[in-house]
Amino acid sequence: MAALLKKRALAEFTQTVTQEPTQVPIKRLKLVKKPVPGIFSSLASIIESLEECTNSNEVIWLLVSISGKIEVDPADITEIVRKLSDHFKNEAESVARVKILMIIGEIGEEYPSECLSIIDEIIMLIKNDHSHKVLAQGMKIILKLGQLINESVTEFHQKLVDVAKNYLKDTNHAVKCRCLDIIGTHTPLCLGAEADKVFHLISSYFNNGDARVRSQAFSTVILLYERGFKVNPNIYVYVSCALRDDYEIVRSVALKLIWILGNAYPENEILVPGSIHEIRLIDDAFGKICNGVTDLSMQVRTLAAKLLGGMKQVSPKFLTQTLDKKLMSNMRRKRTAHELAWENVTSGEWASGKKWADDAPKELLNADSISLMSSGACGAFVHGLEDEFLEVRSAAVESLCQLSISNPNFANMALDFMVDMFNDEIEDVRLKAIDSLGLISEHIVLRDDQLETILGALEDFSQDVREGLHRMLASCKMSTTAGLKMCVDKLLDNLKKYPQDKRSTCRCLQSVGGKHPELVVPLVPHFLAIHPFCDMAEPDVENPHYICHLILILNAAKYSSTITPLLEPHTLRHYSYLRDTMPQFVPVLNLTDPNSNVVSRPLSVPESLTFLNNVISNLDTAESMARTHNMALFQTAKEQLNRLSEMDPTVSGTAQFTSLYIGAQLQILQILDKGYWVNPATLATQQQNTLKTNIHILLEHCLKLQFFFVGLSPREQCAVKQFRLRALALNLVYIVKGSNSSALAPCHHFLTAVEDMQKDLQQGGIQPDGFTSMVFRDLAQLEEPKPGTVARILIPILLESKVGSIPRPNVNIRMSSATIIDPSGQGDTSLKFTAGLIMSVPFEAELNHLLDPERIRLKIKYPDQRTQIVLPRPQHLRPLYYDTSNKESHIGHNIRLLSSVLVSHQVWSEACNVEVNVAICVPEADIGKKKCSLDVNPTLLDLCAPVKVSIAPKPIKKTL
């Protein structure tokens, strides 16, 4: 043993390793996929057991048991497929043959490289089979496996098409449908005569006796069009006839094809049936789709209503007719005076006047035969909006909105119909109508009668509907001062009934004031109770109605200089107060108070970014100074940057990021300066706990840098990850040297982080810092990276390497934040409920600049230190900004969390506070926690300070 150790020591210290300056290879992890547990160990043994089955039922049972669990050695695929084919030929039961084909298809899906040979084998198997089920299944598998083959292999795809054409002669509808699907999917792209042959073949099945085949034929044409084929417009006549089919599946797909032809060839002229007049193809197609709105099937009506919104090139007269059930006169063809005179001359007869009605027309013409648009299609949108099914009404509202966006005249005509939908019985339809009216708001001006109908919907119990109306009113234009006054009064009256709508109402009045400054000016004395001769009492600045009036007037004052002289001195003071408490609702104004002082708040100053750059430059320069003086400088810089983030919101995110980065550097300098981390096992208990806490705080700082900031450039992200790598190395050394717990998991996590760091640096073309490059160099020489060995390597690297440089300022950085609106935590009353039962507490919060919304959690902490973690439902996460022009809305995820917190506890002797908070769930491995079943609380980082809710669980009342 001693000789062996001596030999290993000599080998270790006498060998000379020359390392060339080559790129460090990426360490790759080999993932071993465990076999699926089952009755058999491999598919080969199952195939052999097929020969032992005595009847078809045993074969079917055996094949069903392995379906979806295909585990095959690639070298055995050919042999397995051959054995399955042999059994297929000898099997008498068609169901068993179908199952064998399914197993062969699953093998092809699992191993796409064998698809060519498997498809050829399937074609040979079904060649002599006469079962319709087997043929349909074979065509289905050929279709599925053929999609895995590259489109560049045109010869093979053409072979599949030829096979499908051969089986089109089958009498079974399933076989025909699969063959048509193969033709549409695998026909190589072609033009001219070859494409016409393909469409001629498919069109021959438009009149097939089976509705499923007819539907598939039309679907195949649509599939070819989506693949890039040019559809022949001559099939329009055949497709139009299919709109009168008895089966809704045919009518539905025919409507889609009519829509495609109308949009593909809008200017083609076609003859009106029973007339010599020609109209545009898009207009005729629009009329036929309008007919679908009155179809007997709800699915067809819904589809027709959806398709109408995509026909933007329709003539205005056809578009207008959809809003009137009566056929307009200009939709009929009228003969000119020349035609009437010529008809009299050519008739050879003149009216003498002696006989009654001797000049009457010789024949009675049907009105529908000379109309350019079928009278059944008139008022299509009226029919759609009045339909009994909400799906049809919702689709009609959506199409009406799409057509109105591109046609201002049509938008004004459709306004009354859209407003009427605010009274629909279904909430989703009302919401869609409200949002649609907001989208077309730039084309319309609301009249007072329309505004009165809209404001009536504010009484809706649904908060979603009320807030949708607020957004819609904020985007619309009003016509008169009386209408604006009615809108403001109604909003404030509604605020008394629903106090939870305060922020939504303020946001609405903010936009209304900015869009109607000329209408707000005459109302300023009325809203602010300004008397021309008497001094009125100063309003309460905490009154919600007064705040809403101020928000409306101050936002209008931004665009109208006439309003500013009308404001009284106490209004200017209130402006300063609101500017500090509600800066998101009150604009920056240059106002002058009675002492001739300018009341203004600049959003940003140019010196802020310069100051930030100077701080970072000074810290980089001071890197060579003594460590004690360097730590004091870091602490001062951190305090200055925190103050800068409060003063200037423009560079707030950048200052917070830099301050947190400096704080993390300060934390690691304090740990390294004392030197306790090298051998923590010799420390006293208190010193060891202090060291453990400091490392925990350092890891939390790294997590905040990684998950709390958005807008980071790739270089800044790599800087954060390299600093995190340093913190993980320090944590690993502490666990190995001073802890009894296993270090295998932290070591594996550290090595995984090193591997990910290598990939990120190579992809971004970024050079690693000193610490990271030394880690890459030394770990590459390890044959077996055990925790002890890795820790011994990391100790000298941590001692020698310097703290990395601070990333340069980036003004696009934003820090994630949360503002809890409800509950406010300022109430004096306690919420009482029966002990043991559940009480729901409404919860509303605004979350700004999130990196990943799926990490959001609600944290509820009871007085007995019990904590509950709640994952919000996706329906409770709603967009915070509906105005896409807002620059902040595009930085990270801005979300409004509207939910309810469920609280429950046993009896308390007195009321106590429950803390509710919003947090972000982060990976546990970074924080150094040991994963086990007992640790049910994940690692959470708080986004804001908790709100305290006073609750009082009461005992159950005992009654007789």
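Residues numbered from 1 in each chain as written. Predicted model: local features only at pLDDT ≥ 70, side-chain atom pairs only at ≥ 80, totals over all residues. Heavy atoms only, no water.

1. A word on the overall build of the chain
Working step 1: Helix and strand content of the chain: 37 helices and 16 strands.
Working step 2: By residue count, 47% of the 960 residues in the chain fall in the buried class.
Working step 3: Restricting to contacts in the chain with at least 6 residues of sequence separation, those with at least 24 account for 72%.
Working step 4: Only carbon and sulfur atoms are counted for the fraction: they give 53% of the accessible area of the chain, which is about 50,500 Å². (Helix = DSSP H or I, 4+ residues; strand = E, 2+ residues; numbered from the N terminus. Buried < 20%, exposed > 50% of the residue type's maximum accessible area, 1.4 Å probe, protein only. Contact = heavy atoms within 4.5 Å. Areas by Shrake-Rupley, 256 points an atom, 1.4 Å probe, with all protein chains shown as cover.)

2. Things to note about the sheet that holds strand 12 (residues 877–879)
Working step 1: Ordered by their spatial adjacency, 4 strands build an open sheet running 7-9-13-12, and the pairing between neighbours is antiparallel. Lying at the two open borders of the sheet, with one neighbouring strand each, are strand 7 (817–822) and strand 12. Shown here is a sheet whose adjacent strand axes are inclined to one another by a mean of 25°, direction ignored. (Pairing = 2+ DSSP bridges. Axes fitted to C-alpha atoms, helices over the stretch in contact; angles between N-to-C directions.)

3. Remarks on the pairing of strand 10 (residues 856–861)
Working step 1: Burial within strand 10 is extensive, with 5 of its 6 residues counted as buried.
Working step 2: Across 6 bridges, strand 10 lies against strand 14 (residues 912–921) in antiparallel orientation. Bridging across to strand 14, Ile 860 finds its partner in Val 916.
Working step 3: In this structure, strand 10 lies alongside strand 11 (residues 867–870), joined through 4 bridges in antiparallel fashion. If you follow Ile 860 over to strand 11, its bridge partner there is Gln 868.
Working step 4: The turn linking strand 10 back onto strand 11 is made up of 5 residues, and Gln 865 within it adopts a positive phi angle of 70°.

4. Focus on the environment of Cys 190
Working step 1: With respect to the helices and strands, the residue Cys 190 is situated in the loop between helix 9 (173–186) and helix 10 (193–203).
Working step 2: As for Cys 190 and Phe 229, which are separated by 39 residues in sequence, their C-alpha atoms are 7.2 Å apart.
Working step 3: In contact with Cys 190, other than residues within four places in its own chain, are Ala 195 and Phe 229.

5. Brief notes about helix 33 (residues 685–707)
Working step 1: Helix length check: helix 33 (23 residues) gives 33 Å between terminal C-alpha atoms against 33 Å at 1.5 Å per residue, within 8%.
Working step 2: Turning to helix 33, its buried residues number three or more, namely Gln 688, Leu 691, Asn 694, Ile 695, Leu 698, Leu 699, His 701, Cys 702, Leu 703, Leu 705 and Phe 707. (Expected span 1.5 Å × (residues − 1).)

6. With respect to the state of the cysteines
Working step 1: Under the criterion given, the structure shown has 0 disulfides.
Working step 2: Not engaged in a disulfide, the cysteine Cys 506 finds its nearest cysteine sulfur in Cys 548; these two sulfurs lie 4.1 Å apart.
Working step 3: Overall, Cys 506 belongs to the buried group, its relative accessible area being 1%. (Disulfide = S-S within 2.5 Å.)

7. Concerning the nonpolar core
One broad rule of soluble globular proteins: the nonpolar side chains tend to lie buried together.
Working step 1: If you look at the biggest cluster of nonpolar residues, it comprises 170 residues, and the most contacted ones within it are Leu 437 and Leu 473.
Working step 2: For this core, the leading source of residues is helix 28 (residues 544–557), giving 10 residues.
Working step 3: Judged by nonpolar contacts, the second largest core, of 98 residues, contains Val 754, Ile 793, Ile 797 and Met 839. (Core = buried A, V, L, I, M, F, W, Y, C linked by side-chain atoms within 4.5 Å.)

8. Section: the packing of aromatic side chains
Working step 1: In this structure the tally under the stated criterion is 6 aromatic pairs.
Working step 2: Consider the rings of Phe 199 and Phe 229, whose centres lie 6.4 Å apart with planes at 80°: the pair is edge-to-face. Here Phe 199 is found in helix 10, whereas its partner Phe 229 is found in the loop between helix 11 (211–226) and helix 12 (236–242), with 30 residues between them in sequence. No difference in accessibility class separates Phe 199 from Phe 229, as the two residues are buried.
Working step 3: When the ring of Phe 381 is compared with that of Phe 410, the centres are 6.3 Å apart and the planes differ by 50°; the resulting orientation is tilted. Of this pair, Phe 381 sits in helix 18 (residues 380–385) while Phe 410 sits in helix 20 (residues 408–420), and the two are 29 residues apart along the sequence.
Working step 4: On the accessibility criterion, Phe 410 (2% relative accessible area) is buried.
Working step 5: Members of the aromatic cluster, joined through ring pairs, are Phe 657, Tyr 661, Phe 709 and Phe 723. (Phe/Tyr/Trp six-rings, centres within 6.5 Å; stacked < 30°, edge-to-face > 60°.)

9. Section: empty space enclosed by the protein
Space left empty within the atom packing is revealed by a probe, the size of a water molecule, rolled over the atoms.
Working step 1: Considering all chains together, one arrives at 1 cavity of 30 Å³ or more under this definition.
Working step 2: In the lining of the largest cavity, the residues fall into 5 nonpolar, 1 polar and 1 charged. (1 Å grid on protein atoms, 1.4 Å probe; cavity = no way out; pocket = protein on both sides within 12 Å on 5 of 7 lines; lining within 4 Å. Points joined across faces, edges and corners; volume = space filled by probe spheres on them. Nonpolar A, V, L, I, M, F, W, Y, C, P; charged D, E, K, R; others polar.)

10. Observations concerning the pattern of salt bridges
Working step 1: According to the stated counting rule, one finds 34 salt bridges in the structure shown.
Working step 2: With a shortest N-O distance of 2.5 Å, Arg 466 and Asp 501 are connected by a salt bridge. Note that Arg 466 is positioned in helix 23 (residues 463–475) and Asp 501 in the loop between helix 24 (481–497) and helix 25 (502–515), a separation of 35 residues in sequence. Grouping residues by exposure puts Arg 466 and Asp 501 together as buried.
Working step 3: A salt bridge links Arg 503 to Glu 846; the nearest nitrogen and oxygen atoms lie 3.1 Å apart. Of this pair, Arg 503 sits in helix 25 while Glu 846 sits in strand 9 (residues 839–850), placing them 343 residues apart in sequence.
Working step 4: Judged by relative accessible area, which is 22%, Arg 503 ranks as partly exposed.
Working step 5: For Glu 846, a relative accessible area of 9% corresponds to the buried category.
Working step 6: Where salt bridges share partners, they join Glu 267, Arg 280 and Asp 283 into one cluster. (Salt bridge = Lys/Arg side-chain N within 4 Å of Asp/Glu carboxyl O.)

11. Comments concerning the environment of Val 922
Working step 1: Mapped onto the fold, Val 922 is located in the loop between strand 14 and strand 15 (940–942).
Working step 2: For Val 922, a relative accessible area of 3% translates into the label buried.
Working step 3: For Val 922 and Lys 704, which are 218 residues apart along the polypeptide, the C-alpha to C-alpha distance reads 9.3 Å.
Working step 4: Once you skip the residues sitting within four places of it in the chain, Val 922 turns out to touch Leu 703, Phe 707, Arg 855, Thr 939 and Leu 941.

12. Some details on unusual backbone geometry
Working step 1: Put simply, Asp 822 and Pro 823 share a cis peptide bond, and its omega is 5°.
Working step 2: With respect to the helices and strands, the residue Pro 823 is situated in the loop between strand 7 and strand 8 (831–834).
Working step 3: Of note, Ala 529 is a non-glycine position whose phi angle comes to about 55°, a positive value.
Working step 4: Mapped onto the elements, Ala 529 comes out in the loop between helix 27 (524–528) and helix 28.
Working step 5: Judged by its relative accessible area of 47%, Ala 529 is partly exposed.
Working step 6: The phi dihedral of Gln 865 is positive, around 70°, even though this residue is not glycine.
Working step 7: Looking at the secondary structure, you find Gln 865 in the loop between strand 10 and strand 11.

13. Side note on helix 37 (residues 787–800)
Side chains that are three or four residues apart share a direction in an α-helix, a result of its 3.6 residues per turn.
Working step 1: Over its 14 residues, helix 37 extends 20 Å from the first C-alpha to the last, a length consistent with the 20 Å expected when each residue adds 1.5 Å.
Working step 2: Listed as buried for helix 37 are Pro 787, Val 790, Ala 791, Ile 793, Leu 794, Ile 795, Ile 797 and Leu 798.

14. A closer look at the side chain of Arg 430
Working step 1: Tracing the backbone shows Arg 430 in helix 21 (residues 427–439).
Working step 2: Within polar-contact distance, the side chain of Arg 430 engages the side chain of Asp 460 at 2.9 Å.
Working step 3: If we skip the residues at most four places from it in the chain, Arg 430 touches Met 421, Phe 422, Asn 423, Asp 424, Glu 425, Asp 460 and Val 465. (Polar contact = N/O pair within 3.5 Å; in protein donor to acceptor, adjacent residues only side chain to side chain.)

15. Description of the confidence of the model for the chain
Working step 1: Taken residue by residue, the chain gives an average pLDDT of 81. The fraction at 70 or more is 82%.
Working step 2: Of the regions scoring below 50 in pLDDT, residues 328–334 engages in 17 contacts with residues more than four places distant in sequence or in other chains.
Working step 3: Below a pLDDT of 50 lies the segment residues 930–936, which in the model reaches 3 contacts outside its immediate sequence neighbourhood of four places, other chains included. (pLDDT = per-residue confidence, 0-100.)

16. Comments concerning the environment of Arg 726
Working step 1: Positionally, Arg 726 belongs in helix 34 (residues 714–738).
Working step 2: Through-space distance from the C-alpha of Arg 726 to that of Leu 794 is 9.4 Å; in sequence the pair is 68 residues apart.

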